[in-house]
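# Descriptive structure summary
The primary structure of each chain is shown beneath.
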There are 2 protein chains.
Amino acid sequence: MDIAPLPDVYRHAPFAQDCAPRRLLRLFSGKWTTMIVHTLHLTGGTSRPGQLQRALPGLSKKMMTQTLRDLERMGLVEREIMQVMPPVVEYRLTQLGQRFVEPLEMLYRWGAQHAALLDQVDRNMATADDVRNAS
Amino acid sequence: MDIAPLPDVYRHAPFAQDCAPRRLLRLFSGKWTTMIVHTLHLTGGTSRPGQLQRALPGLSKKMMTQTLRDLERMGLVEREIMQVMPPVVEYRLTQLGQRFVEPLEMLYRWGAQHAALLDQVDRNMATADDVRNAS
DNA sequence: CTGCATCCTGGGCGATACTG
DNA sequence: CAGTATCGCCCAGGATGCAG
C-alpha cells in the first residue's frame, strides 16, 4: 500500500517544516546564545565565566551556565576545568562552533552598519504608540 | 551634583545594553517574524493572508495576524483592504521593510549552504542525549 | 475569506540563596 | 570564583469560537 504523497504546498513551500533556515533560527532562538558564541570568538575563542558575564551586561549567572550547557550539547563549545582553589574554568569554541561565527558576524555587522534603520523602526513604534494613547 | 560615569566595562563592552546587534536580535526575536518578512519578499513584496499561511506550514492564523500587526507598528509592512465580499486583503513590504530583507537573505542562504553543519549539531545533541539516557 | 477575543499551557528567563 | 537548586513571573504562542 502506497503512502500518500505530501501535498505540493508542503514540498514546494520555501519554508518547509525542517528547512535549513528554520533549523538555524531554532538553534539561535535563545536570548543569549548568539551573543555568547560571538563573545567567545571576540576573546580569541576562549574565555572564563566572569569575563564572559562582564562582557554581556544583563546576563545572569544562571542563564549563562544554562546557555553554555546547551552549547556544549550541540558541540559548539567545550569546557576545561582546572582543579585549583579557587576553581578556574575556561570555555572555548570548538571547531564546529567557530564555523557559526561567520553568519553571526554578518548579521551583527549589518546591524551596526544600518543602525539608522533600527532608529527608524523605533521611531515608527513610538508614533504608533502615541496614536494608541490618543485614542 | 555630578552623575557617576558608567564603569568602563559597560562603555566598552562589545554587547552594551542597546547596541545595534541586540536591537536587531530583539526585532527578530519572534518565532515567525523573519519568515513572514522573507516570504513577503519572495512573493514579490505582496501577498494575501491565506497565501502567506500556506507558505509557512505550522503558522497559526492568530500568530500570523499578531506578527503582521507588530510589523505594521514597526513600519515594515503595510496592509491594504479591499472592501468586497468576501474581503480581500494584501500585505506588502514597505520600503523600510525591504531594507531588512538583505540580512535575512544572507542568514538563510548561509543556512542552506551549510546544512551539513546543522546536521552535525543534531547528531551531537542526539549522542549527548544517549549518554544522558544511559546514566 | 479575514480577523478578533478568549482561554490556557509550557517554558524561557530572572532573582535569590546555598555548596565547594 | 564557578555552579546548582528552587521559586515564580510573565508572555509567547497554540486552540477554539465568533463576527463581518
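It should be emphasised that the depicted structure is a prediction, and the values quoted were computed from it without experimental measurement.

## Digging into the interface of chain B and chain A
The partner chain A presents 51 residues to the 51 residues of chain B that form the contact. Among the residues chain B hides against chain A, the three largest losses belong to F15, R73 and W110 of chain B. Together they make up 15% of the total. Between chain B and chain A we count four salt bridges in total. Two residues, R23 of chain B and D122 of chain A, come together in a salt bridge whose shortest N-O distance is 2.8 Å. Here chain B and chain A share ten residue pairs in polar contact (both at pLDDT 80 or more) between them. Those elements that provide at least two residues to the side of chain B that touches chain A are α1 (8-12), α2 (20-27), α3 (33-42), α4 (49-55), α5 (61-74), α6 (95-99), α7 (101-113) and α8 (115-134) of chain B. Examining the composition of the side of chain B that touches chain A, we find that eleven residues originate from one element, α8 of chain B, more than from any other.

## Things to note about the relation of the copies chain B and chain A
Of the transformation superimposing chain B on chain A, the axial component is 0.0 Å and the angular component is 180°, with the fit at an RMSD of 0.0 Å. The superposition operator between the copies reduces to a two-fold rotation axis. Interface overlap between copies is the fraction of interface residues in one copy that are interface residues in the other; for chain B against chain A it reaches 100%, indicating a shared surface.

## Side note on the protein's contact with DNA strand D
As a matter of local geometry, DNA strand D sits amid 16 residues, with K61 and Y91 of chain A together with K31, K62 and M63 of chain B nearest to it. Here, DNA strand D places atoms within 4 Å of the protein, and 59% of those atoms are sugar or phosphate. Y91 of chain A is positioned with one of its side-chain polar atoms (N or O) 3.1 Å from a phosphate oxygen of DNA strand D. For DNA strand D, a phosphate oxygen lies 2.6 Å from a polar atom in the side chain of K31 of chain B. Elements that contribute at least two residues to the surface near DNA strand D include exactly α4 (49-55), α5 (61-74) and β3 (88-93) of chain A together with α5 of chain B. The element best represented in the surface near DNA strand D is α5 of chain A, accounting for four residues. Residue composition of the surface near DNA strand D, grouped by class: seven nonpolar, two polar and seven charged.

Definitions and cut-offs
- Residues numbered from 1 in each chain as written.
- Chains lettered and ligands numbered in written order.
- Predicted model: local features only at pLDDT ≥ 70, side-chain atom pairs only at ≥ 80, totals over all residues.
- Heavy atoms only, no water.
- Contact = heavy atoms within 4.5 Å.
- Buried area = accessible area lost by both parts, 1.4 Å probe.
- Salt bridge = Lys/Arg side-chain N within 4 Å of Asp/Glu carboxyl O.
- Polar contact = N/O pair within 3.5 Å; in protein donor to acceptor, adjacent residues only side chain to side chain.
- Helix = DSSP H or I, 4+ residues; strand = E, 2+ residues; numbered from the N terminus.
- Least-squares fit on C-alpha atoms with pLDDT ≥ 70 in both.
- Near = heavy atom within 4 Å.
- Nonpolar A, V, L, I, M, F, W, Y, C, P; charged D, E, K, R; others polar.

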